[in-house]
Every structure is written in C-alpha cells, then in structure tokens.
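# Analysis of the macromolecular model
Letter by letter, the chains look like this.
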Amino acid sequence: PITGNKHAGRTMRIGVNNVDGILAFSDYYQVDLLKEECNLVLLGFPPSADRLVQAHMHGLSDQYERCVKALASGVAKPDLSALTDHPSVLLDVEEATEVVLLNAGVK
C-alpha cells in the first residue's frame, strides 16, 4: 500500500479495502494525484475483466493495457462476462488476442 502525502494532511493508506471507492471519488472530483495513487495500487492487483472495465471507466491507461494483455494472453482468468456491456473493451481484448495468436503462429 502507498502512504498518503503528509503535506496534503492525509495519512490514510490506499489498499485493497478502499481503493475502489477512493478511485471513484478521485475520478469524480478530478483529484488527479489521488487517482494516480489508486492506479499505482491497482497495478499491483491481479488483472481481470472487472479491473479492465474499471480502468476503462476511470481512464487508467496503464492498468487498461496491462489487463487487456493479460486477458488476451490467458494470464488472467478469461471470464469476459464483465465486458458484455462494454463492446469497445471487448474488441480491444479480441484484437490483442489475435496478435498473441499470430505471434504464436496459431493463425
């Protein structure tokens, strides 16, 4: 977990129990420093379709790319049901999967 910036008067830690709420708050109120701290914490979590959707909704490009690659390569659990309401995200995973297969000589 990352310790808050003491100069801003915050000593709270961002971790597994609060990162989702703090991310939503920081995105809604456009607190970019706090949002970036959430992004850094999320980069330490296992990639998944749910985390991919979260990254898409909150504009976390590093987390988004990491989750797309993990889902495409089979590193992450391939349950894509979370993507049914996000066709553009599903398309990104499908395109990344094609690249993985081409590089592996499957297609």
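Please refer to the structure higher up on the page.
The present account deals with the structure reproduced in this document.

What counts as what
- Residues numbered from 1 in each chain as written.
- Predicted model: local features only at pLDDT ≥ 70, side-chain atom pairs only at ≥ 80, totals over all residues.
- Heavy atoms only, no water.
- Helix = DSSP H or I, 4+ residues; strand = E, 2+ residues; numbered from the N terminus.
- Buried < 20%, exposed > 50% of the residue type's maximum accessible area, 1.4 Å probe, protein only.
- Contact = heavy atoms within 4.5 Å.
- Areas by Shrake-Rupley, 256 points an atom, 1.4 Å probe, with all protein chains shown as cover.
- Axes fitted to C-alpha atoms, helices over the stretch in contact; angles between N-to-C directions.
- Parallel < 35°, antiparallel > 145°, perpendicular 65-115°, else oblique.
- Left-handed = near helix turned anticlockwise from the far one by under 90°.
- Nonpolar A, V, L, I, M, F, W, Y, C, P; charged D, E, K, R; others polar.
- Phe/Tyr/Trp six-rings, centres within 6.5 Å; stacked < 30°, edge-to-face > 60°.
- Core = buried A, V, L, I, M, F, W, Y, C linked by side-chain atoms within 4.5 Å.

### Topic: the overall build of the protein
Regarding its fold elements, the protein presents 5 helices and 2 strands. The buried share among the 107 residues of the protein stands at 35%. Partitioning the intrachain contacts of the protein with sequence separation of at least 6 by distance along the chain shows that 43% fall at a separation of at least 24. Surface exposure of the protein reaches about 6700 Å², of which carbon and sulfur atoms provide 57%.

### A few points about the packing of helix H1 (residues 19-28) against helix H3 (residues 49-58)
Running from N to C, H1 and H3 cross one another at 20°; their axes reach a closest spacing of 11 Å. In terms of orientation, H1 and H3 fall into the roughly parallel class. Between H1 and H3 lies a crossing of left-handed hand. Across the interface between the two elements, Asp20, Leu23, Ala24 and Asp27 of H1 pack against Arg51, Gln54, Met57 and His58 of H3. Partitioning the contact of H1 with H3 into residue classes produces 3 nonpolar, 2 polar and 3 charged.

### Structural notes on the packing of aromatic side chains
Centre-to-centre distance and the angle between the planes together describe a pair of aromatic rings. The final tally for this structure, using the stated rule, is 2 aromatic pairs. For the pair Phe25 and Tyr29, a centre-to-centre distance of 4.9 Å together with 45° between the ring planes defines the contact as tilted. Look at Tyr28 and Tyr29: their rings are 4.8 Å apart centre to centre, the planes differ by 80°, and that puts the pair in the edge-to-face class. No difference in accessibility class separates Tyr28 from Tyr29, as the two residues are exposed. Put simply, the rings of Phe25, Tyr28 and Tyr29 pair up and form one aromatic cluster.

### So, the nonpolar core
Grouped together as the largest cluster of nonpolar side chains are 25 residues, with contacts concentrated most on Ile14, Val19, Leu52 and Leu83. Those elements giving two or more residues to this core turn out to be H1, helix H2 (32-42), H3, helix H4 (61-73) and helix H5 (87-103).

### Considerations on unusual backbone geometry
One non-glycine residue, Gln30, lies in the positive phi region at around 55°. Within the element layout of this structure, Gln30 appears in the loop between H1 and H2. Looking at Gln30, the relative accessible area reads 67%, which means it is exposed.

It is worth stressing that arrangement in space is one thing and function is another; only the former is reported here.
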